[in-house]
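In case you want the letters, here they are:
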Amino acid sequence: MAESIDIRELNILIEQKSAFVDNLTAGMNKVIVGQKHLIEALLIGLLSDGHILLEGVPGLAKTLAIKTLAQLVDSKYNRIQFTPDLLPADVTGTMIYSQKDEKFQVKKGPVFANFVLADEINRAPAKVQSALLEAMQEHQVTIGSSTFDLPSPFLVMATQNPIEQEGTYPLPEAQVDRFMLKVVIDYPTLDEEKLIIRENLQGELPAISPVISSEDIINARDVVRQVYIDEKIEQYIADMVFATRYPDRYGLPQLKDLITFGGSPRASINLAKASRAYAFIKRRGYVIPEDVRAVAHDVLRHRIGLSYEAEATNVTSEEIVSDIINKVEVP
């Protein structure tokens, strides 16, 4: 009985604390037409302190989405355009000699912001991609002999174009794994496309003013951490990730030869965190199996290694995750 009272109290708390979600969504919808899934993914990343990798053809408002979110949250936004000639110092910063003071001074790079857009991340070599990863994992940057903390909240949204592979450096698996979510964006519907044309022909995009502060986001994260995950849901999350590693144990022997490696423990952690944030967005103080299923594709699609056999038969990680979701027993 005590537990049910706690859940009731938690629901009331979350009802109060999650009111800003509507304001953020309404603000995003002013500028972005459709793309409900993208907006939801950005909010999940923001609330669970996770980074997002976006994949979609050019022109689907990937850049505009994070810029709008940064304007809605009273925070600093920087865009880094990744190119083959970029150096790690162009991202993190470097030491510059000051003739006036006769000593080296630190010049911080564009990574020192709350929202960092790594545009076309696969256009830069591995050493530049790696420079961003210390920042993503440790929330700090080392320049010379000094280490600097990054501001909070800190969200990296990287974009990549899936069609043009000329002159690109694909992200290694270990780096891709650092992204909490990989969101694949599709074209808008016909009605949405007409609305996009109409809005763009009218001229200027609507002016966006902040609806929430960085401190409010940090406080909301504390509330998200209180969202209740039952033991059965924990078991469900673990089963789903284990099914990517040992599909034959879960009655999916046909997937065994298609997968070279499955999700790491980071997959389980991120699946739990994303499910919590999704429950919070839906104004609930506890996680249900539908929350896990709603975020499973975004959390797992980039954490499954496909074998040559899978690539030869055009099987995608998307289909493998769908098979696992349909097969793993729901608590």
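Residues numbered from 1 in each chain as written. Predicted model: local features only at pLDDT ≥ 70, side-chain atom pairs only at ≥ 80, totals over all residues. Heavy atoms only, no water.

## Quick notes on the side chain of serine 98
Quick reminder of the rule: Each helix is a run of H or I in the DSSP string that is no shorter than four residues. Each strand is a run of E no shorter than two, and both are numbered from the N terminus. We call two residues in contact whenever any of their non-hydrogen atoms come within 4.5 Å of each other.
Inspection of the secondary structure puts serine 98 in strand E4 (residues 93–98). Not counting residues up to four positions away in its chain, the partners in contact with serine 98 are Lys103 and Gln105.

## Topic: the packing of aromatic side chains
The condition is simple: In this analysis, rings of Phe, Tyr and Trp, with Trp reduced to its six-membered ring, are considered paired at centre separations within 6.5 Å, and the interplanar angle assigns stacked below 30 degrees, edge-to-face beyond 60, and tilted for intermediate values. Three exposure classes are used, based on accessible area relative to the maximum for each residue type with a 1.4 Å probe and protein chains only: buried under 20%, partly exposed in between, and exposed over 50%. Charge-over-ring contacts are defined here by two conditions on Lys NZ or Arg CZ: a distance within 6 Å of the ring centre and an angle within 35 degrees of the ring normal.
If you walk through the whole model with that rule in mind, you get four aromatic pairs. Measuring from centroid to centroid gives 6.2 Å for phenylalanine 20 and phenylalanine 280, while their planes differ by 45°, and the two rings are tilted. Pair noted here: phenylalanine 20 is in helix H2 (residues 19–31) and phenylalanine 280 is in helix H11 (residues 265–281), with a separation of 260 residues, a long-range link. As far as burial versus exposure is concerned, phenylalanine 20 and phenylalanine 280 are alike and both buried. When the ring of phenylalanine 112 is compared with that of phenylalanine 148, the centres are 6.4 Å apart and the planes differ by 80°; the resulting orientation is edge-to-face. With a gap of 36 residues between them, phenylalanine 112 in the loop between strand E5 (103–108) and strand E6 (115–119) and phenylalanine 148 in strand E8 (residues 146–149) connect regions that are remote in the sequence. Over the aromatic face of tyrosine 246 sits the side chain of arginine 249, whose NZ or CZ is 4.0 Å from the ring centroid. The ring of tyrosine 286 has arginine 284 sitting right over it, with the charged end atom 5.9 Å from the ring centre.

## What to know about the confidence of the model for the protein chain
Heads up, the condition is: How sure the predictor is of each residue is captured by pLDDT, a score from 0 to 100.
When pLDDT is averaged along the protein chain, the result is 87; 97% of the residues meet or exceed 70. Ranking the elements of the protein chain by mean pLDDT puts helix H1 (residues 2–17) last, at 72, and helix H12 (residues 289–300) first, at 94.

## Here's the deal with the packing of helix H3 (residues 36–47) against helix H4 (residues 62–72)
The condition that has to hold: Only C-alpha atoms enter the line fits that serve as axes; for helices the fit covers just the stretch in contact. Angles between N-to-C directions range over 0 to 180 degrees. Orientation categories follow fixed angle ranges, with anything under 35 degrees roughly parallel, anything over 145 roughly antiparallel, 65 to 115 roughly perpendicular, and all other angles oblique. In this scheme the handedness of a crossing depends on how the near helix is turned from the far one: anticlockwise by less than a right angle means left-handed, clockwise means right-handed. Three classes are used: nonpolar for Ala, Val, Leu, Ile, Met, Phe, Trp, Tyr, Cys and Pro, charged for Asp, Glu, Lys and Arg, and polar for all others, with Gly counted as polar.
At a minimum axis distance of 11 Å, the contact between H3 and H4 shows a crossing angle of 50°. Judged by the inter-axis angle, H3 sits oblique to H4. Crossing hand, H3 versus H4: right-handed. On H4, the residues that touch Leu38, Leu42 and Leu46 of H3 are Ala65, Ile66 and Leu69. Of the residues in the contact of H3 with H4, the class split is six nonpolar, no polar and no charged.

## Looking at the pattern of salt bridges
We apply this condition: The term salt bridge refers to a pairing of a side-chain nitrogen on Lys or Arg with a carboxyl oxygen on Asp or Glu at a separation within 4 Å.
Evaluation of the coordinates by the stated rule reveals 15 salt bridges. Residue lysine 36 pairs with glutamate 40 through a salt bridge whose shortest N-O separation is 3.6 Å. Here glutamate 40 and lysine 36 lie together in helix H3, a separation of four residues that amounts to about one turn. Lysine 36 sits in the exposed class, given a relative accessible area of 59%. In this structure, the salt-bridge partner of arginine 301 is glutamate 318, at a minimum N-O distance of 2.8 Å. Linking arginine 301 in the loop between H12 and strand E13 (305–306) with glutamate 318 in helix H14 (residues 317–327), this pair joins segments that are 17 residues apart in sequence. The network of salt bridges with common partners includes Glu15, Asp22 and Arg283.

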